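Structural characterization, general
Here is what each chain is made of, one letter per residue.
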Protein chains: 4
Amino acid sequence: MIIIISYYYKLGELIIMSGNTFGTIFRITTWGESHGRAVGVVVDGCPAGLALAAEDIQKELDRRKPGQSRASTARKEDDRVEILSGIFEGRTTGTPISLLVWNKDADSSAYDLLRNKPRPGHADYAYQMKYGLRDHRGGGRASARETVGRVAAGAVAKKLLSEAGITVAAYVSELGGIVAEIDPSTDLLLLQAQAETNAVRCPDVAAAERMLERLDQVRAEGDSLGGVVVIAATGVPAGLGEPVFDKLDADLAKALMSIGAVKAVEIGAGRECSGMQGSEMNDPLFLRDGKVDFERNHAGGILGGISTGAPIVCTISVKPTPSIAKQQSTVDLAIGEAVEIRVMGRHDPAIPPRIVPVAEAMVALVLADHLLRQRGARI
Amino acid sequence: MIIIISYYYKLGELIIMSGNTFGTIFRITTWGESHGRAVGVVVDGCPAGLALAAEDIQKELDRRKPGQSRASTARKEDDRVEILSGIFEGRTTGTPISLLVWNKDADSSAYDLLRNKPRPGHADYAYQMKYGLRDHRGGGRASARETVGRVAAGAVAKKLLSEAGITVAAYVSELGGIVAEIDPSTDLLLLQAQAETNAVRCPDVAAAERMLERLDQVRAEGDSLGGVVVIAATGVPAGLGEPVFDKLDADLAKALMSIGAVKAVEIGAGRECSGMQGSEMNDPLFLRDGKVDFERNHAGGILGGISTGAPIVCTISVKPTPSIAKQQSTVDLAIGEAVEIRVMGRHDPAIPPRIVPVAEAMVALVLADHLLRQRGARI
Amino acid sequence: MIIIISYYYKLGELIIMSGNTFGTIFRITTWGESHGRAVGVVVDGCPAGLALAAEDIQKELDRRKPGQSRASTARKEDDRVEILSGIFEGRTTGTPISLLVWNKDADSSAYDLLRNKPRPGHADYAYQMKYGLRDHRGGGRASARETVGRVAAGAVAKKLLSEAGITVAAYVSELGGIVAEIDPSTDLLLLQAQAETNAVRCPDVAAAERMLERLDQVRAEGDSLGGVVVIAATGVPAGLGEPVFDKLDADLAKALMSIGAVKAVEIGAGRECSGMQGSEMNDPLFLRDGKVDFERNHAGGILGGISTGAPIVCTISVKPTPSIAKQQSTVDLAIGEAVEIRVMGRHDPAIPPRIVPVAEAMVALVLADHLLRQRGARI
Amino acid sequence: MIIIISYYYKLGELIIMSGNTFGTIFRITTWGESHGRAVGVVVDGCPAGLALAAEDIQKELDRRKPGQSRASTARKEDDRVEILSGIFEGRTTGTPISLLVWNKDADSSAYDLLRNKPRPGHADYAYQMKYGLRDHRGGGRASARETVGRVAAGAVAKKLLSEAGITVAAYVSELGGIVAEIDPSTDLLLLQAQAETNAVRCPDVAAAERMLERLDQVRAEGDSLGGVVVIAATGVPAGLGEPVFDKLDADLAKALMSIGAVKAVEIGAGRECSGMQGSEMNDPLFLRDGKVDFERNHAGGILGGISTGAPIVCTISVKPTPSIAKQQSTVDLAIGEAVEIRVMGRHDPAIPPRIVPVAEAMVALVLADHLLRQRGARI
C-alpha cells in the first residue's frame, strides 16, 4: 500500500505556480519563499509624481510583523524594506517599484519531520498533488511570510489613495466567539486607533481583554481560535468598479479570499441579507445639502458592482490557525500509512489580529487599481 | 438645489465599462443590453475536439429563463441560442465560439418614468455617477438578462468538465428565513434532481412548499425575499488553483460575487469557521483504499487556494429583489428633489431560484479555466 | 509510409486557438470562420459618449470587401454590418460593442479536393499539426475573411482617434517590383485620396497603371505578386507607448505582423538604418514657433518606444498571394505520398491593395489603445 | 519663448510606465533604472522541476556585459546575478524566480549637462513629454542596462527550451554596410561559435575584420554604425503560435521591436518577398523519410502565424548608436532655445554585437511562452 510520489516531472507534465500578479493597471507581482533568501514585490503601474519614502512602507510592515505581543508568534523578524527602483528625488517616476525584504531567522529543521506528512488544514497535501515537489520549509509560498509583499505594495496603494482622500482601515470584530460591540457611525480612523491599542486589534477594549484571555486558554490547550475582521474604506468616490465581471465587490472578494485562512467574504449586510425583505435591505436615497446620500448602508457602499460614495464595508471570516500542538491524524505519503502528528514551533494562536494590515493592503490595492481604471474628470 | 447631470463626456473624461471578459485560458466576453437587439458571448480558449451541440447550451438557457413558475417573473423570453462559430462537424475546433440570443418582448416604456429616479438597491445611481449616461431601459448591462451570456458559456464549460468527470450543481438551501434540511452526504446529482422538481429549486421538498407560501405572501405585500444558494462540484482533481492571487477559492469568490444580488461568498464551513477551534476546523487526512481522503470537509475542498480532491462547496447569500412595488424614497436627479417611487413591472419576488443556473455557470467557468491552467499528466 | 493523422484529441491533449483578443484597454475579440455562419467582433473598452453610426463602420468594410476591381477576386460579398450592442441614442455607452456580418456565397466544395493536401505558402500544414483537426473550408480562421472583424473594430478606433485629431491612412508604395514615387511631405489624406482612385491603391497614378498591367500578366501565368504598403498616422501626440515591452513600435509591429501575408515590419527608416551612421540617422530637434519639431523623420515618429509628435510611419512587406493556379509540389497527408496541386478558385493576384484598410485598422487599434493607456491632461 | 515643463503632475494627470511585463504563461516583469540601486526581473510561470543554476544565467549575462572588446564601451560592469527565490535543491519549484543584479560604476554627473537637452535619436524628449519627469541619469528605464533583466530571464527560457530540444542563436550578418557571407545550411550552433570568436559577433571572420576596421574609423570620427542581426531557432516543433493576434511571428515581431534601436523585423524572406512571385515564394512540401519537410524556407519556419517545424529565422535592423561625439542640434527645453550638443562618455560605436544576446533572449522568451501555451501530447 505504498503511494508513489514523483518529485520531478517530465517536461510534458509542466506544473507552474503562475498566479503571482494582481491588478490590472496598478499591478503587483510578489515573489519569495518563507525560508528562501528574501521576499519582495514589484509594483507596476503606480503613477509618476507620488511622494513616497521607505518610511511609508516600513510603518505598514511593522504593523504586519510578528513577535509583537501575546497574540502572536514569538518569531523575530526585522523586515526592513529596501526600495530598489522606481523612486527618483523622493517621488515615483511611473516605472516599476521593486521592494525587497531579506529573510532572517529561518530555522527549517522543524519542518523536516513533517516533510511527507501533510498537516491537516494546511496547503501541504494540495501543493504536493499540484506540483509534485515543494519547498516544504515553512510553507514556501503558502507561508504567511508571502504577505510581506502584499503589505509593502499595499502601503504604496494607500499612499496613492490618501492623495485622493480615501482611507482604508480594518479591525477585529470577533474572536473565538467573542463579539465586539462597535458603533458603525464611529469615525473609521478612530476605530482603527482604538484597535491598535491592544494586541488583538479590537476597537472594543473590554471585548479585547476577554479575547486575550480566551487566547491564553486555547494556547495552553495546544489549540487555536478563528475570528472576524471588518475592513472599511471611506472617501471612495461613486463610480469605481467595472461591470460585469470586474465589479468592485467581485474584485474585493477575490482580493480578500486570496489571503490564507479566509473562508468567507461579505459586503455590507452580507450573510444577513438572505433573511431580509427588499423593503428592509434597500437603502433609500435622500438629499443631504444638495448631495445624494443613503439612509443606511446595507449595500456596503456598492450597488451593481460600482461604488455609490457610501463607505465600503467588507467582512471576512478567518479560520483558526491550522498549526496546533494538539495531536491530529494524517497520512505519511512516503510510506502510505496513517500517522499522528503535533505541529510544534512558534505559531499565532489566532490569525485575525495579524491579518488586519494584510486585509487593509488587499482592499487598498483593489481601490487603487479601480481608481486608475476610472481615470477621468471626477477623480 | 438643482443637480446638474452631464450626459455626455468630453474625450478627456473617458468612461469605459471594460470588465466584460472573464477567465485566463478559458475566457469569455459577454456583450449586450437587456433592451438592445441581442445578448451574447464569445468563448475563447475552449479546446478543440469537444462534442458540442446547440442542445447542450439550450438546456441550460431553458433553466435560466424566466416565466416558468410562480417563483419567477411572468416575462416571456424564448431565448434560442445560435452558435455562430467555432463548431465544425459537431465538435469544437479550438477557435472562438460565438453564441447569440436575440432579444424580444422588450417594452421599455415602464422604465421611462424612472429615468432620473434611481431605484433603491439598484445600480442606477452608481451607473449614473460612473458613466454620466446609461441605457436606463431595463438596466442595460446591469440587467439580469446579461446572465444569458454567462449561462451559455457556462454550458460549454460544463461540457468540458463532464469529459473530465466533474459535475457542478446548485440548489436553494434557504429562502425568506426558511432553512432547508439537506443531508450533505447525498449524491450531488440527486440533490439537483430533487431541487429541479419545484419552483424554488430546493431539494427539501417540504421546505420548498413553505418557501413558496412565503413568496406568495410577500408578493401580495409588494415586497421580496432573500435566500441562500449552495453550489457544489464533485470529481474535481486535487491540484487546481494558482497561488498566490489566483487561488481557486479567490477566483470562485470573484466569479460568484460578480453575479448581481450576491452579497456574501463562503467556502466550506465559511462564516462558521470564525467560531471554531483549530482542532474542530482542520479536516484530518486518512487512507481509503490506499488513497488519501479527508474525515470531514470543513475546507470545502480547497486548502491554500488549491483543490484537495474533496468536493468543492460554495455558499452564496442573495439579497431580496430590489425591485418592489412598495413605496420607497429616492431622489429625482434631474430636478434635485426627494420623491417616492414604486417599481412596478414583472419582477421575481426572489432571486435565488433563478440564480441557481447562473451560479453553476460561474463555478463551471472557474473550474474549466483552472483545469486548463493545470494541464498536465494528471488530468 | 502512411502518416497517421489523429483528427480528434483526447482531453489530455488540449489544443486551443486562444489568441483572439487584441489590446489592453481598447480590446477587441474577433470570431468566425470564412465558411461558417457569420464573422464578428466584440469591442470592449471604447469610451462612452462617442458618436457612432453603422455608416462609420460600413464605409471601412466597403473598402475591405473583394470583388471591386481587376486587382481583386471576383468573389461577391455584401458584408453589411449589424451593431448588436453598446450604442444608445447614437452614442457609445462604454459597454461592449458587438458587431456582426453574416457570411454568404460560401461554396466550400472547391476546398474538399485539398482537404489532406496542404497548400504551399498556406497555413494548412501548420494548422493541421497544431490542432489535429481544422475547418478546411476556405481557411477557417486563417482566411482573409477574418479581417472583417479587424476592419469593423478599426473603424470604431478611427472614430475615436478622429476626435483626438489623429488620422490614419495607408497606401501601396510598391507592387511586383514596381516602386511608386511618393513625396513624403504630401498631406496624408491627399495621398490616401489619390490611392483610392485606382484598383491597386497607389498614390502614384502612373506607377499604379504599370502595376495593374503587371497584375494582368501574372494572373494569366497563374502566378501572383508581392508588394509594400506604407501606413502613416498624423496628429499623434507625443507620449504614447509604454516602455519597456509595450512600446508603441513593438505593439505596431505585432499588430501589423499579425495580418496574414505580412513578412516584414519597418518603422521610419526601417531596414535602411542599418547602413546609416548615427549623424545621418538621428533626427535633430529644433524650435518651430516655440514648439519642438524634428528636422527629418528617420525615427518614424517613435523614439524609445514612445511617440514624439512627428508622424508615425510604418512599412510592411506583403508576400505574393500563396493561392496560385500554377502547379506546385506538396504531400497528401492521408496517404503519405507526394502530389502536385493547382489552387483554383477566386483569389486576388496580389494582396497589398486589399491589405490597405486592414493595416489602417490595426494601426488605429494600437493608437486608440495607447491613447487610452496614456489618459491624462494632454489628450 | 519659454517652454514650461511641469515636473510633477496632479493626481488627475496620472502618468504610468506600465508595460513592464512580457509573456502570457511564461511571464517576466523587469524593473530597475541604469543609475538606480539594482536591476532585476521576476520570472513567473516557469514550470517546476527544471534544473537551474546561477551559472546558467551568469554565462548569458557575461555575453551581454560591456567592456569586452574594441567593439563595445569601456564601461566596466561586474553583473553577478543573485537568485532570490523559486529554486529549491537546484531545481525550479514553479514559483516566481526573482533575479537581481546590483548596479555599480554609476557616475551620473555626465548626464547633468544634458538634463534639459534631449539627445537626438534618444528617448529623452519622448519620455519628457510622456512623464513630465524622468530619471535622466543614464537613460533610466530607456537605458541598455534594462536588458540585464531580459537576458537573465531569457537564460531561464533557454534552459527550458533546451529540454525540449530547441536551440536559439543569433549573430551579426551586416555592419556599417559590410555584408557577411553566410551559408544558411550551416549548423546553427557552429555559426554561433564562429560568431563568438570575434568582437563583432559575425560568423564570417573575414567580414568581421573589415567591420572592426570600419568601427575604428567611425569611432575616430565621433560617429557610429548600424547593422543587421539574424536570430534563428532550430528544433521548434510544428504547431506553436496562437491565431489570430498572438501569432508566433507577431509575438516575435513585438519582442524584437521592443529592444531599443531595432527599426525593422523580418521573418524568413522578409523584405525580399515583396519582389517575388507566388511560385518563388511558396515553399513546396515533400517527404523526407516519411516526414513532411520543405524544399526551401522563405517562410522562415512560420505559416499562418504557426510554426511549421522548419527553422525559425528572424532578421532585425539595428540603427547606429544615437550617442555620438559629433556635434548635433537640439533644444534646451528649460530655456526654450536651440543648442548644439556633443554626447561624450563611453558608448558602443555599434549596437549589433551587444544586441545579439538580448535578441536571443527575446526570441527564447517568446518560444518558451508559446511552448507552454501549446502544452499537449506533441511537446
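About the thresholds
- Residues numbered from 1 in each chain as written.
- Chains lettered and ligands numbered in written order.
- Predicted model: local features only at pLDDT ≥ 70, side-chain atom pairs only at ≥ 80, totals over all residues.
- Heavy atoms only, no water.
- Pairing = 2+ DSSP bridges.
- Helix = DSSP H or I, 4+ residues; strand = E, 2+ residues; numbered from the N terminus.
- Buried < 20%, exposed > 50% of the residue type's maximum accessible area, 1.4 Å probe, protein only.
- Polar contact = N/O pair within 3.5 Å; in protein donor to acceptor, adjacent residues only side chain to side chain.
- Contact = heavy atoms within 4.5 Å.
- Least-squares fit on C-alpha atoms with pLDDT ≥ 70 in both.
- Buried area = accessible area lost by both parts, 1.4 Å probe.
- Salt bridge = Lys/Arg side-chain N within 4 Å of Asp/Glu carboxyl O.
- Nonpolar A, V, L, I, M, F, W, Y, C, P; charged D, E, K, R; others polar.
- pLDDT = per-residue confidence, 0-100.

Quick look at the sheet that holds strand β2 (residues 27–31) of chain A
Residue and element names in this part refer to chain A. Read from one edge to the other, the open sheet built from five strands follows the order β1-β2-β3-β7-β4, with strand pairing classed as antiparallel. One side of each edge strand has no neighbouring strand; the edge strands of this open sheet are β1 (21–22) and β4 (82–83). Bridge count between strand β3 (residues 38–44) and strand β7 (residues 97–102): six bridges; the pairing is antiparallel. Following the sheet pairing, valine 39 is matched in β7 by valine 101.

What to know about the side chain of Ser323(D)
All names here are of chain D. Residue placement: serine 323 occurs in the loop between β16 (312–318) and β17 (328–332). Look at serine 323 and you get buried, because its relative accessible area is 9%. Engagement of the side chain of serine 323 in a polar contact is seen with the side chain of histidine 122, the distance being 2.7 Å. With residues near it in sequence (within four places) discarded, serine 323 still touches Arg119, His122, Val343 and His347.

Quick word on the relation of the copies chain C and chain D
Note on the chain copies: they are related by a rotation about an axis and a translation along it. Structural alignment of chain C on chain D gives an RMSD of 0.0 Å, achieved by rotating through 180° and translating 0.0 Å along the axis. Taken together, the turn and the small shift mark the pair as related by a two-fold rotation axis. The C-alpha atom lying nearest the rotation axis in chain C is that of Lys254(C); the distance is 2.4 Å.

A closer look at the sheet that holds strand β1 (residues 21–22) of chain D
Residue and element names in this part refer to chain D. Here five strands make up an open sheet; going across it, the order is β1-β2-β3-β7-β4 and the pairing antiparallel. Across the chains shown, the open sheet's two edge strands, defined by having one partner strand only, are β1 and β4 (82–83). The sheet contact formed by strand β2 (residues 27–31) and strand β3 (residues 38–44) spans five bridges and is antiparallel. Within β3, the residue paired with threonine 29 across the bridge is valine 42.

Description of the interface of chain C and chain D
Contacts between chain C and chain D engage 118 residues on the former and 118 residues on the latter. In total, about 8,500 Å² of surface goes out of reach between chain C and chain D, with carbon and sulfur atoms giving 58% of it. Run the count over chain C and chain D and you get ten salt bridges. Among the salt bridges present, the one from Lys130(C) reaches Glu242(D), with a minimum N-O distance of 3.0 Å. Across the contact surface, chain C and chain D share 53 residue pairs in polar contact (both at pLDDT 80 or more). At seven residues, the largest contribution of residues to the side of chain C that touches chain D is made by helix α3 (residues 124–131) of chain C. When the residues that make up the side of chain C that touches chain D are grouped by side-chain class, the tally is 54 nonpolar, 38 polar and 26 charged.

Observations regarding unusual backbone geometry
All names here are of chain A. In this structure, valine 244 follows proline 243 across a cis peptide bond, with omega equal to 10°. Within the secondary structure, valine 244 is located in the loop between β10 (227–234) and α7 (248–257). Look at alanine 261: it is not a glycine, yet its phi comes out positive at around 85°. Inspection of the secondary structure assignment puts alanine 261 in the loop between α7 and β11 (262–267). With a relative accessible area of 15%, alanine 261 lands in the buried category.

Considering the pairing of strand β2 (residues 27–31) of chain C
All names here are of chain C. Within β2, five of the five residues are buried, leaving the element largely enclosed by the surrounding structure. Across the two faces of β2 the burial is the same, with Arg27, Thr29 and Trp31 and Ile28 and Thr30 all buried. As defined by bridge partners, strand β1 (residues 21–22) adjoins β2 across two bridges and the pair is classed as antiparallel. From the neighbouring strand, threonine 21 faces β2, where its bridge partner is threonine 29. What sits between the antiparallel neighbours β1 and β2 is a turn of four residues, in which glycine 23 has the positive phi angle 105°. Taken together, β2 and the strand that follows it, strand β3 (residues 38–44), pair antiparallel across an intervening segment of six residues, in which glycine 32 is found at a positive phi of about 110°.

Some words on the environment of Ser98(A)
Structurally, Ser98(A) is set in strand β7. Separated by 123 residues in the primary sequence, Ser98(A) and Glu221(A) have C-alpha atoms spaced 43 Å apart.

Some words on the confidence of the model for chain A
All names here are of chain A. Averaged over all residues, the pLDDT of chain A equals 89, while 88% of them reach at least 70. Segment residues 1–12 is flagged for pLDDT under 50; beyond a separation of four residues in sequence, or across chains, it makes 37 contacts in the model. Across the interfaces of the predicted complex, the ipTM metric reaches 0.94, alongside a pTM of 0.94.

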